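Fold and contact review
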Amino acid sequence: MKQPKALALAIDQPAKISSLICSSSSIVTLNRTYKKKGERESVRILLWFVPALGLLEMICIVSVWFFLYRSRRTSDKQPYVHLSTGFRKYSFSELKKATKNFGEEIGRGGSGIVYKGVLLDHRVAAVKRLKEANQDEAEFLAELSIIGRLNHMHLIDIWGYCAEGKHRLLVYEYLEHGSLAENLHCTVIDSKMRFEIALGTAKGLAYLHEECLEWVLHCYIKPQNVLLDSNYHPKLADFGLSKLLRRAEVNDLSFSKIRGTRGYMAPEWIGNLPITSQVDVYSYGVVLLEMVTGRSPKMHVQTFGVGGEMVEKTLIEWVREMVKGDSEITSWIDEILDPLLDNTQCDKGKMALLVRVALHCVEEDRKV
C-alpha cells in the first residue's frame, strides 16, 4: 500500500513544479527610476531659490518706488534744485583746503569775507564765505541759476559754489590788482585810468539794470566792490545776491532790512521811500566823487563859513558848493582834485565831467 502512494506523489510532483514556472509571455517589466541623492538636493535648492528670488524682486520694486516717491516729494519742496546754475559745486572741505583753512583774507563786506585760494586745477580763486548761512539751499541755488545767465565784460566771473549744511560759499575769479579802494590812495591810476574805470563800472551797472532779463539790484556799490584785472579794467563784484526780480515785479519791491554801506546809501533807505535802481545810481555818484577827490564820503570836510567859523560838511555838500560857486572849470576842479593826481598830466576836462555826472546821480530830488 505504501509503494503505490509514494509512486503517486513522485508522479504528481513535477506537475506542481511545472505549474509554478511562468512563461516568457507573462513577464511584465516595471520601469522604475531610482534618483540619486545629489539630484534630490538640486530639486530642493531650486524649490528654495524660486521663492527667494521672488522676495528679492519684491524688495527691489518697493525700494525703487520708495526712492521715486521721496525724489518726487523733494522736487516738489525744492523746485529750483537743479543743475542749471552752470557752476561747479565744491565741497566745504575742498574749499577749506584750497584756502588753507581760510587763512588769507583779501576782503570783507556786509555779505561775507573773501579769502584767497588755489583750486585743484591750480587756478587762483577768491572764495567768499557768506554770512547769511541760514538761507535755504533751494533759494540759494535759484539765485545762482539767475546769476549764471548774467554775462558781461564788466561783471566778475563766478566759477562755482558750495551749499553744504549751513555753509554758503561762492568761488570767483581772482583779480590780481584787487579793488578800486586799494588803488585810489596810490599814484598808479592816473586821471585817464580813473575815467576808464568809471565808464566801465557804469556799463556793468547799466547791464544789471537795463539789459539782462532779470532786474538785478546791487545795493552795495562802493570802491571795495569794483575790482581791477591785470589791465586795470573794472569788474563789479558782490552782485546778484541782494535782490533778483523779474522785470514785471520791479514795482513791487520789499526789503526786510536796510542794505548798503554808510556813506554810499541813498536817502530812500532812511526815508522809507520806494526802492528803485536809483539807489545804485546814487551810490555810483558817491564813488565818482571819491575817485575825483580822493576823499572818503564817510569823512567830513572842514571849511570856513560866512562868519569865519569852522563848518563840517559832507563830501557831497562840499563838492556841490564848490561847483556852484565858480562857473570856470579850472578854478573849482583844482580845489577838489585828488592831490595824488599829477596836476600837469591830469585831464581836468574828464575829471570835471565825472563830477557833473556824479552830482546828477546824488540829487535827492528823484525827478531831477
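If you're wondering where the values come from, they're calculated on a predicted model, not measured in any experiment.

Glancing now at the packing of aromatic side chains. Taken as a whole and assessed by the stated rule, the structure comprises two aromatic pairs. Centre to centre, the rings of F92 and F102 are 5.7 Å apart; their planes meet at 35°, and the pair counts as tilted. Placement of F92 in helix α3 (residues 92-98) and of F102 in the loop between α3 and β2 (105-108) is noted, with a sequence separation of ten residues between them. An aromatic cluster is present here, built from F92, F102 and Y115 joined pairwise through their rings. Above the plane of the ring of W159 lies R123, whose end atom (NZ or CZ) is 4.1 Å from the centre. The positively charged end of R295 is found above the aromatic ring belonging to W318, 4.6 Å away from the centroid.

Turning our eyes to something else, we now look at the pairing of strand β4 (residues 124-130). Burial analysis of β4 places five of its seven residues in the buried class, the great majority of the element. Inspection of the sheet shows strand β3 (residues 112-118) paired to β4 by seven bridges, in the antiparallel sense. Across the sheet, V118 pairs through a bridge with V124, a residue of β4. Here β3 hands over to β4 after five residues, with H122 in that stretch at a positive phi of 75°. In terms of strand pairing, β4 meets strand β6 (residues 167-173) through five bridges, oriented antiparallel. Within the sheet, the bridge partner assigned to R129 lies in β6 and is L169.

Position of D229 relative to the elements: it lies in the loop between β8 (226-228) and β9 (234-236). No salt bridge is formed by the buried D229. Its closest oppositely charged neighbour is K235, at 5.3 Å. Engagement of the side chain of D229 in a polar contact is seen with the backbone nitrogen of H233, the distance being 2.7 Å. If we skip the residues at most four places from it in the chain, D229 touches L175 and H177.

Examined against the element boundaries, F195 turns out to sit in helix α6 (residues 191-211). Excluding residues within four positions of it along the chain, F195 makes contact with K350, M351, L353 and L354.

A few words on the packing of α6 against helix α8 (residues 278-293). α8 packs onto α6 with a crossing angle of 175° between their chain directions and a minimal axis gap of 11 Å. Taken as axis vectors, α6 and α8 run roughly antiparallel relative to one another. Touching R194, I197, A198, L199, T201, A202, L205 and H209 of α6 are D280, Y284, L288 and M291, all from α8.

So, about the packing of α8 against helix α11 (residues 348-361). Angle between the axes and distance between the axes are the two parameters that describe a pair of packed helices. Two elements in contact, α8 and α11, have axes whose closest approach is 8 Å; the angle formed by their N-to-C orientations is 150°. The angle between α8 and α11 falls in the class roughly antiparallel. Between α8 and α11 the crossing geometry is left-handed. Residues Q278, V281, Y282, Y284, G285, L288, L289 and V292 of α8 touch α11, and the partners they reach there are M351, L354, V355, V357, A358 and C361. Taken together, the residues that form the contact of α8 with α11 break down as twelve nonpolar, two polar and no charged.

Taking 1.5 Å per residue, 21 residues should reach 30 Å; α6 reaches 29 Å between its end C-alpha atoms and fits that length. Regarding α6, the residues found buried are S191, R194, F195, I197, A198, G200, T201, G204, L205, Y207, L208 and H209. Between the side-chain oxygen of the N-cap and the backbone nitrogen of K192 there are 3.3 Å, and the N-cap of α6 in question is D190.

Analysis parameters
Residues numbered from 1 in each chain as written. Predicted model: local features only at pLDDT ≥ 70, side-chain atom pairs only at ≥ 80, totals over all residues. Heavy atoms only, no water. Phe/Tyr/Trp six-rings, centres within 6.5 Å; stacked < 30°, edge-to-face > 60°. Helix = DSSP H or I, 4+ residues; strand = E, 2+ residues; numbered from the N terminus. Lys NZ or Arg CZ within 6 Å of the ring centre and 35° of its normal. Buried < 20%, exposed > 50% of the residue type's maximum accessible area, 1.4 Å probe, protein only. Pairing = 2+ DSSP bridges. Lys, Arg positive; Asp, Glu negative; His and termini not counted. Salt bridge = Lys/Arg side-chain N within 4 Å of Asp/Glu carboxyl O. Polar contact = N/O pair within 3.5 Å; in protein donor to acceptor, adjacent residues only side chain to side chain. Contact = heavy atoms within 4.5 Å. Axes fitted to C-alpha atoms, helices over the stretch in contact; angles between N-to-C directions. Parallel < 35°, antiparallel > 145°, perpendicular 65-115°, else oblique. Left-handed = near helix turned anticlockwise from the far one by under 90°. Nonpolar A, V, L, I, M, F, W, Y, C, P; charged D, E, K, R; others polar. Expected span 1.5 Å × (residues − 1).

This is a description of form; function is not addressed.
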